[in-house]
Amino acid sequence: MARQLTFPAHLHRNIEILYVFSGVQYLEIEGKAYAVHAGEGAIIFPDMVHRYYKQGEQPADAVLILCNPQLLGGVFPDFEKFQPLTPYLPNEKIPEEAVYALKHIKKKDAFAVKLGWIYVIMSHLLPHMELRQRKRIPVPDMSKKMIEYVADHFTEPITLDSLRG
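Bear in mind the structure is a predicted one, so any value in this text is a computation, not a measurement.

Draft legend 1. Representation of the overall build of the protein chain within the structure. Helices and strands together make up the secondary structure of the protein chain, namely four helices and 10 strands. N-terminal to C-terminal, the α/β element order of the protein chain is β-β-β-β-β-β-β-β-β-α-α-β-α-α. A total of 165 residues make up the protein chain; the buried ones form 38% of that total. Contacts in the protein chain between residues far apart in sequence, at least 24 positions, make up 76% of those at least 6 positions apart. For the protein chain, the computed accessible surface area is about 9700 Å², with 58% contributed by carbon and sulfur atoms.

This is the structure we're talking about:
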């Protein structure tokens, strides 16, 4: 059992898949807070601001997978043009085939094996997500994206704890 993840607000070009086996993991995606309990998950699309945080000292056992969306091109929607209406997946929207793959994917697996598991996971989870066109045009320049984020959040209080994450 690991303690809950903590990681400050960030964004990247990868798809991030979270699934909680036991306990609860707290995260915020695009300013909305989620408590992801055992049997639940989330898929964070590229360029979505998100962070992981703790509430108390509850243990959590979870898997977190990062995948370059270019590896999934042609089979799944264009992850830069779409985003989920909600990235959170309740238990009833996670098929047992996806749970099986989430339990069996391992860091030590060969790249092709991990990619195969990710295809299984995404092919079972994406049909349970309502996708919408992105409201904004993706910014290819990460520096510009960071400046935009700071401009939107510069009035928020900053503490040593928030910097530490």
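Draft legend 2. Just the side chain of E16, in detail. Topologically, E16 is positioned in strand β3 (residues 15-29). For the buried E16, no salt bridge exists, and the shortest N-O distance to an oppositely charged side chain is 12 Å, to R134. Polar side-chain contacts of E16 include one of 2.7 Å to the side chain of H12. Here H50 takes part through its side chain, which lies 3.0 Å from a polar atom of the side chain of E16. The contacts of E16, once residues within four sequence positions are left out, are H10, A42, I43, I44, H50, Y52, L64, I65 and L66.

Draft legend 3. Seen up close, the packing of aromatic side chains. Tallied over the entire structure, the rule returns six aromatic pairs. Summarising the aromatic geometry, the rings of Y19 and F21 are spaced 5.1 Å apart at their centres and angled 75° between planes, so their arrangement reads as edge-to-face. Residue classification places Y19 among the buried positions, given a relative accessible area of 6%. Both rings, one in F45 and one in F79, keep their centres 5.1 Å apart while their planes meet at 70°; by these two values the pair is edge-to-face. Residue F45 is located in the loop between β5 (41-44) and β6 (50-53), and its partner F79 is located in the loop between β7 (59-67) and β8 (82-84); the two are separated by 34 residues in the primary sequence.

Draft legend 4. Summary view of the pattern of salt bridges. For the structure shown, the criterion picks out four salt bridges. Here R51 and E28 are joined by a salt bridge, their closest N and O atoms 3.5 Å apart. Highlighted residues: R51 in strand β6 and E28 in strand β3, separated in sequence by 23 residues. Here E28 falls in the partly exposed class, since its relative accessible area comes to 25%. Across the pair K54 and E57 runs a salt bridge, and its minimum N-O distance is 3.4 Å.

Draft legend 5. Fine view of the nonpolar core. I17, I43, L72 and M122 are the most contacted members of the largest nonpolar core, which has 34 residues in total. Every element with two or more residues in this core is listed here: β3, β4 (32-37), β5, β7, α1 (96-104) and α2 (111-125). No other element matches β3, which puts seven residues into this core.

Definitions and limits used
- Residues numbered from 1 in each chain as written.
- Predicted model: local features only at pLDDT ≥ 70, side-chain atom pairs only at ≥ 80, totals over all residues.
- Heavy atoms only, no water.
- Helix = DSSP H or I, 4+ residues; strand = E, 2+ residues; numbered from the N terminus.
- Buried < 20%, exposed > 50% of the residue type's maximum accessible area, 1.4 Å probe, protein only.
- Contact = heavy atoms within 4.5 Å.
- Areas by Shrake-Rupley, 256 points an atom, 1.4 Å probe, with all protein chains shown as cover.
- Lys, Arg positive; Asp, Glu negative; His and termini not counted.
- Salt bridge = Lys/Arg side-chain N within 4 Å of Asp/Glu carboxyl O.
- Polar contact = N/O pair within 3.5 Å; in protein donor to acceptor, adjacent residues only side chain to side chain.
- Phe/Tyr/Trp six-rings, centres within 6.5 Å; stacked < 30°, edge-to-face > 60°.
- Core = buried A, V, L, I, M, F, W, Y, C linked by side-chain atoms within 4.5 Å.

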